[in-house]
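Spelled out, the chains give:
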Amino acid sequence: MLGSNNFGIDLGTSQVKIFAQKDSSITVEKNMVAIRKKRQLLAIGNEAFQMYEKTPPSIDVSSTVREGALYDIDRAEALLHLLLQKIDNHIGIGPSLFFSAPSSRSELEEHAYYIMACAGYLKNPKVFLVDRPICDAIALGIPLSRTDGSMVVNIGAQNTDVSVIAREQVIISKSIPIGGQQMNAAICDNIRRQTNLLVGRRTARRLKAVLSSFEDKPLEARKVIGLNILSGLPRDGVIPASLVNEAVTEQMTYLAAEIREFIERTPPQISRSILNEGIYLTGGTTRIPGIDTFFSEKCRCKVNVSSYYDMCTVKGLEELMTHKALHKWAKAIKG
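Residues numbered from 1 in each chain as written. Predicted model: local features only at pLDDT ≥ 70, side-chain atom pairs only at ≥ 80, totals over all residues. Heavy atoms only, no water.

Caption draft 1: Structural detail: the environment of leucine 83. Mapped onto the fold, leucine 83 is located in helix α2 (residues 73-87). Between the C-alpha atom of leucine 83 and that of serine 96, which follows or precedes it by 13 residues, the distance is 15 Å. Sequence-distant contacts of leucine 83, defined by excluding residues within four places in its chain, comprise Val16, Ile18, Glu29 and Ile44. (Helix = DSSP H or I, 4+ residues; strand = E, 2+ residues; numbered from the N terminus. Contact = heavy atoms within 4.5 Å.)

Here is the structure:
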């Protein structure tokens with residue numbers, strides 16, 4: 001199946017992660033593309049992210065993926081091929097590209113991955129799709145061939161994918177519209193309501209990273225700069241951890257209730273296996289301290305948090321690509 005130049009690609013809403021098998025490296029860049037007047041490509045990846053929330057109306061900075069699925073194939077193509085060139089400018093003929101993809105994708109969406117891979121400078125690429133929950137399960141060490149029911153919960157940037165794996169495949173899945181970006185927006189709203197200070201979502205993201213916690217510990221605070229919504233002028237503000245935690249906890253409580261309901265609706269023999277094993281939790285948001293205890297109490301079962309966090313999917317792709325026995329979970333896509 002594999003030649004000498006192969007890449008595992010996780011196109012997430014927030015980040016693109018590319019595993020290069022040639023040197024066993026993983027490149028991580030923001031999934032952002034900056035376009036001027038809908039035509040001129042200005043920047044991609046981390047460089048484009050630096051322009052986010054700072055550009056005039058004539059420049060659009062956005063992600064190529066929404067809610068975990070391809071949204072703008074033209075921008076995704078530009079982003080992918082420029083990143084691959086940056087990683088290896090001499091890829092050669094017939095590279096193999098392994099994409100993690102939503103398990104609920106349509107045939108049209110599958111074809112979009114093929115078009116995106118073949119439309120750039122690559123010559124005769126081989127394209128494979130792997131269900132994203134399968135990638136996560138491999139990285140988590142779930143025995144795909146033996147599990148009677150394992151639940152993987154991936155908290156992404158715009159949505160949370162809840163998937164049940166049994167009989168060597170994803171048998172049921174659900175996408176819940178809660179992710180890191182919704183939590184960032186909730187933090188912005190909470191700050192505005194309680195302090196009359198308007199801050200951007202990048203600031204909210206930083207506050208979430210340093211202040212949010214489900215553990216009992218001394219509360220901290222951070223100084224930020226925003227706009228006074230009454231005067232419209234810039235001013236400083238001190239944001240306490242309690243304000244951030246309030247916003248995050250509200251979102252997480254709703255998410256936990258959705259997960260619990262999902263478990264209750266699965267067939268009894270499968271739900272028993274899930275409850276015995278515990279839920280497997282992954283995604284960047286799972287870095288919040290005490291998140292395993294929070295979900296364990298809300299969902300009334302054990303919770304296993306991946307040590308890879310937001311790198312879980314691409315690490316699963318790496319495992320699949322480097323172990324021949326796992327290749328059967330990769331689906332070849334042709335034009």
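Caption draft 2: The arrangement of the state of the cysteines in detail. With the rule as written, the count across this model stands at 0 disulfides. Not part of a disulfide, cysteine 301 finds its nearest cysteine sulfur in cysteine 299, a span of 5.6 Å. Of all cysteine sulfurs in the structure, the one in cysteine 135 sits closest to cysteine 312, which takes part in no disulfide; the separation is 9.0 Å. (Disulfide = S-S within 2.5 Å.)

Caption draft 3: Focus on the sheet that holds strand β6 (residues 59-62). Strand order in this open sheet of 3 strands is β5-β4-β6, and the pairing throughout is antiparallel. What marks the edges here is a single partner per strand, and that holds for β5 (40-44) and β6. Recorded for the sheet is a direction-independent mean angle of 20° between the axes of neighbouring strands. α2 rests against β4 (33-36), β5 and β6 of the sheet, and its axis sits at about 50° to β5. (Pairing = 2+ DSSP bridges. Axes fitted to C-alpha atoms, helices over the stretch in contact; angles between N-to-C directions.)

Caption draft 4: Main features of the pairing of strand β17 (residues 279-282). Here β17 shows a buried face lined by Ile279 and Leu281 and a second buried face lined by Tyr280 and Thr282. Where strand β11 (residues 150-155) lies against β17, 3 bridges are found, and the strand directions are parallel. Paired with valine 153 across the strands is leucine 281, a residue of β17. Direction of pairing for β17 relative to strand β18 (residues 303-305): parallel, over a ladder of 3 bridges. Each residue of the ladder has a partner; that of tyrosine 280, found in β18, is asparagine 304. (Buried < 20%, exposed > 50% of the residue type's maximum accessible area, 1.4 Å probe, protein only.)

Caption draft 5: Structural context of the packing of α2 against helix α3 (residues 107-118). Taken N-terminus to C-terminus, the directions of α2 and α3 make an angle of 45°; their axes are 9 Å apart at the nearest point. What the angle tells us is that α2 and α3 run oblique. In this structure, α2 meets α3 at a crossing whose hand is right-handed. Note on element contacts: α3 touches α2 through Ala112, Ile115, Met116 and Ala117, opposite Ile73, Ala76, Glu77, Leu80 and His81. Of the residues belonging to the contact of α2 with α3, the class tally is 7 nonpolar, 1 polar and 1 charged. (Parallel < 35°, antiparallel > 145°, perpendicular 65-115°, else oblique. Left-handed = near helix turned anticlockwise from the far one by under 90°. Nonpolar A, V, L, I, M, F, W, Y, C, P; charged D, E, K, R; others polar.)

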